[in-house]
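Next come the chains, spelled out residue by residue.
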Amino acid sequence: MQGSTVETFNTPVGDRVIATSHHEAHPDHRIFGIIMFLIAESMIFLGLFAAYGTFRLVAPEWPPEGTPEMELLVPGINTIILISSSFVMNRGNAAIKQNNVAGMRAWFAATAAMGAIFLCGQLYEYFHTGFGLTDNIFTSTFYVLTGFHGLHVTFGLLLILAVLFRSLKGDRYSSTYHFGPEAAEIYWHFVDVVWIVLFTILYLI
């Protein structure tokens, strides 16, 4: 097989010697690639956070005068939903590592539903903030930060749906092959961590 080697050796079993083989595959670097991609994405978010922090430090008043007060109810509920979804998705990955494809589908479907609810909550908030994109520097950075994160949530949701679709093929994922679910989980955790930072700097401090 291309990309792997097979070694054959003799193994004593009682009074017999039987030939066995050892399949040595090259390591899978795809998870490493996912991590490198997320590190690059983290640099973009760090740049946005730094810009927000700079604007806040140099502004004589923050948020600028006339900015409607931020409501915490909807984003607070959204935060609980998104953080909880990480634990739900983790259960799905645990299921596939036990060859429980049906369990993985159920947990991933629940995660997808929670991600969709989060996005709906974010859209609801956009229509009820009381301010627009160009009202002042705070409102502009608010929409850029939350919108960019929402784009990542949307992409993560598509990843989850792709895993669910591909799992319909019975032998697609198993305890020995679960790159798709694992990659989706890593990405979803990244989205959650970024939101925790966003929620803290935009709504709490």
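All figures in this text were calculated on a predicted structure; none of them were measured in a lab.

Undergrad: I tried to follow the nonpolar core on my own but got confused; where do I start?
TA: Among soluble globular proteins, nonpolar side chains are generally buried collectively. F108 and L202 are the most contacted members of the largest nonpolar core, which has 39 residues in total. Secondary-structure elements contributing two or more residues to this core are α1 (30-58), α2 (73-96), α3 (101-128), α4 (137-166) and α5 (179-204). Broken down by element, the residue count for this core peaks at twelve residues, all from α5.

Undergrad: Just to check I follow, could you spell out the packing of α3 against α4 for this structure?
TA: Describing two packed helices takes the angle between their axes plus the distance from one axis to the other. Close contact between α3 and α4 brings their axes to 10 Å; oriented N to C, the two are set at 155 degrees. Judged on the interaxial angle alone, α4 and α3 are roughly antiparallel. The hand of the α3/α4 crossing is left-handed. For the contact of α3 with α4, the class distribution of residues is 16 nonpolar, eight polar and two charged.

Undergrad: Please explain unusual backbone geometry as it appears in this structure.
TA: Negative phi characterises most residues that are not glycine, and trans characterises most peptide bonds. Backbone torsion omega between W62 and P63 reads -10 degrees, so that peptide bond is classified as cis. Among the secondary structure elements, P63 is positioned in the loop between α1 and α2. Non-glycine residue N99 carries a positive phi angle of around 65 degrees. Along the chain, the position of N99 falls in the loop between α2 and α3. You can call N99 partly exposed: its relative accessible area is 47%.

Undergrad: Explain the UniProt feature "transmembrane region" (unreviewed entry) in the chain to me, please; I cannot follow it from the model alone.
TA: In the numbering adopted here, UniProt assigns the feature "transmembrane region" (unreviewed entry) to residues 31-52, 72-90, 102-124, 144-165 and 186-204. In this annotation, residues 72-90 is assigned 95% helix and 0% strand; the end-to-end C-alpha distance for the span is 27 Å. The span residues 186-204 carries 100% helix and 0% strand; its end-to-end C-alpha distance comes to 26 Å.

How each quantity is defined
- Residues numbered from 1 in each chain as written.
- Predicted model: local features only at pLDDT ≥ 70, side-chain atom pairs only at ≥ 80, totals over all residues.
- Heavy atoms only, no water.
- Core = buried A, V, L, I, M, F, W, Y, C linked by side-chain atoms within 4.5 Å.
- Buried < 20%, exposed > 50% of the residue type's maximum accessible area, 1.4 Å probe, protein only.
- Helix = DSSP H or I, 4+ residues; strand = E, 2+ residues; numbered from the N terminus.
- Axes fitted to C-alpha atoms, helices over the stretch in contact; angles between N-to-C directions.
- Parallel < 35°, antiparallel > 145°, perpendicular 65-115°, else oblique.
- Left-handed = near helix turned anticlockwise from the far one by under 90°.
- Nonpolar A, V, L, I, M, F, W, Y, C, P; charged D, E, K, R; others polar.
- UniProt positions renumbered as here; feature names shortened; annotations may be inferred.

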